[in-house]
Amino acid sequence: MTIPLIQFIDVSKSFGTSPVLNGLNLSIYKGEIIVVIGKSGTGKSVLLKHIIGLVHQDSGQILIEGKPLSQLSAVDRKSFHKKLSYMFQDNALFDFMSIYDNIALPLVEDSVFPKNQVKKKVLKRMEQLGLIGIEEKFPAQLSGGMRKRVALARALVIDPEIVLFDEPTTGLDPIRKKKVHSMIQEYQKQFEFTAVIVSHDIPEIFNVAQRIALLDEGTIKFEGSKKDILDSHSKVLNDFIQGKDF
Amino acid sequence: MLIKFIENFGKKFLSMLESMGRAILFFLAGMMHMFTLPIQFAKIIDHTWFIGSKSIFVIILTGLFTGMVLGLQGYYSLVKVGSEAALGAAVALTLISELGPVFTAIMVTARAGSSMTAEIGIMRISEQIDALKTMHINPVRFLFSPRIIAAVISFPLLTALFDVVGIFGGFISGSIMLGINQHVYMDTVIQSINIHDINIGFYKAFAFAVVTTTICCYRGYYTHLYSGFGARGVSLSTTNAVVQSCISIFVFDYIITFFWI
């Protein structure tokens, strides 16, 4: 049996008196694209933030290749986090930095690569994402779609093994949404990273996903492929997909 | 009623202790990361340019008018007791050990400190600080440490500039406008100042640099905890940072003067 790359076991998290995750169980496998869907405010972003280490669970365990994340040594935890990239819902680009500097930042701060190699890597990613010619511009000077691509370039520049996408198409028109979806699919195939996507783009996102998980009331209420969804008689799932309040 | 009052008081006291602990840890982390390699030269130069070079004009302007007012007020006070010849000494001593460091710190806080809080606060509410963390970049090292080094470099230099321009301002109103002998003015300036006074001025400038930069960066960094999210949260953090910095300048001014005079 394949050991999941990341596994949530009975993970609970509350903010003040409001529970967000409530005994959540979820397995994420290496090289797959898993999409987490669910109503706004059900803790989808919180789930991603647990993986990247921005939020810590109150109870339960998160396993990384079978080992509890909390029990990993500082070196192992750092090396796991170095495999991760996070694409924020609102891009979180540094507005005081040029596009080139934004994309180069993770490499520059890591101080592992010499300047010319950093430049080579950044320009390569910019070229792959159609961003050549805007190196000196600032995020505020770009359109929403371009900013998304810059955020994606920044997420991919470190050659991550796992990329976490937090609603990557929020605020985009249907054409650009489609472009971002195919971009994720294309680059996932090309770079073979594991993608965890939080999305509301139903049903379009089902074409990108290899597996879909429905998060509701702090737990996973459904997990399966696109075919499983179509065959499912789950009331919660069907109500959510049809936009009914449940 | 009394229990409720005690409960509220206890809550506020605990929250104040928590806040102080957080501020101290923030300060210590910033200090520690000043020395972690690689040294962030580019950022230090950039912030020194922003805090230091870009404050030169405002420091010259305030220094000049402070010196001119001191010269004017000092002359009319001293002339009553027939000691107007001591104007140079009065202006120089007041500026070097007291007004120079205090006014410089207040002006730089108003100009650069407020901008630090707003910039870091906006980074906080737009998830840019979280983005740094996801890129394994320590936000305190990235945002606070270079600024504190830049402030420690800039504050004493700006204070020295303020002092020199202020003494010249006193010379304009005392000698050129009110007729005190120019040589007497300059001679009393030189005779009255000793290294102890200059040192006190620099110790104050150094302390104000550390205190105000810490407060301004801390307020921006934790804007979501104290002032809430959004534009109003950032504006409130900025106001609080400037007010607290100014109060701290006066408190530390008293403490340093008390111990070093």
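For the structure itself, consult the block above.
Residues numbered from 1 in each chain as written. Chains lettered and ligands numbered in written order. Predicted model: local features only at pLDDT ≥ 70, side-chain atom pairs only at ≥ 80, totals over all residues.

What follows is about the overall build of chain B. The secondary structure content of chain B amounts to 10 helices and 0 strands. For chain B, the α and β elements follow one another from N to C terminus as α-α-α-α-α-α-α-α-α-α. If one aligns the C-alpha atoms of chain B with their principal axes, the spans along those axes are about 65 × 55 × 35 Å. Within the span of chain B, comprising 261 residues, buried residues form 42% of the whole. At a minimum sequence separation of 6, the contacts of chain B that also span at least 24 residues come to 87%. (Helix = DSSP H or I, 4+ residues; strand = E, 2+ residues; numbered from the N terminus. Buried ≥ 20, exposed ≤ 12 C-beta atoms within 10 Å, placed from the backbone. Contact = placed C-beta atoms within 7 Å.)

Right, let's talk about the nonpolar core for a bit. One finds V35(A), M87(A), L164(A), F165(A), I197(A) and F208(B) to be the most contacted residues of the largest nonpolar core, which totals 118 residues. The biggest single contributor to this core is helix α4 (residues 87-125) of chain B, with 15 residues. When sequence neighbours within four positions are dropped, the list of residues in contact with F208(B) reads P101(B), A105(B), F155(B), I249(B) and F252(B). (Core = buried A, V, L, I, M, F, W, Y, C linked by C-beta atoms within 7 Å.)

Residue and element names in this part refer to chain B. Interaxial distance between helix α3 (residues 56-78) and helix α6 (residues 139-177) falls to 6 Å at its minimum, and their mutual angle equals 40°. If you check the angle between α3 and α6, you find them oblique. Like other packed secondary-structure pairs, α3 and α6 cross with a definite hand, here right-handed. For the contact of α3 with α6, the class distribution of residues is 16 nonpolar, 9 polar and no charged. (Axes fitted to C-alpha atoms, helices over the stretch in contact; angles between N-to-C directions. Parallel < 35°, antiparallel > 145°, perpendicular 65-115°, else oblique. Left-handed = near helix turned anticlockwise from the far one by under 90°. Nonpolar A, V, L, I, M, F, W, Y, C, P; charged D, E, K, R; others polar.)

With that settled, the discussion passes to the interface of chain A and chain B. Between chain A and chain B, the residue contacts involve 13 residues of the former and 11 residues of the latter. Looking at the side of chain A that touches chain B, the element that brings in the most residues is helix α3 (residues 99-110) of chain A, giving 3 residues. Here the residues of the side of chain A that touches chain B are counted per class, giving 8 nonpolar, 2 polar and 3 charged.

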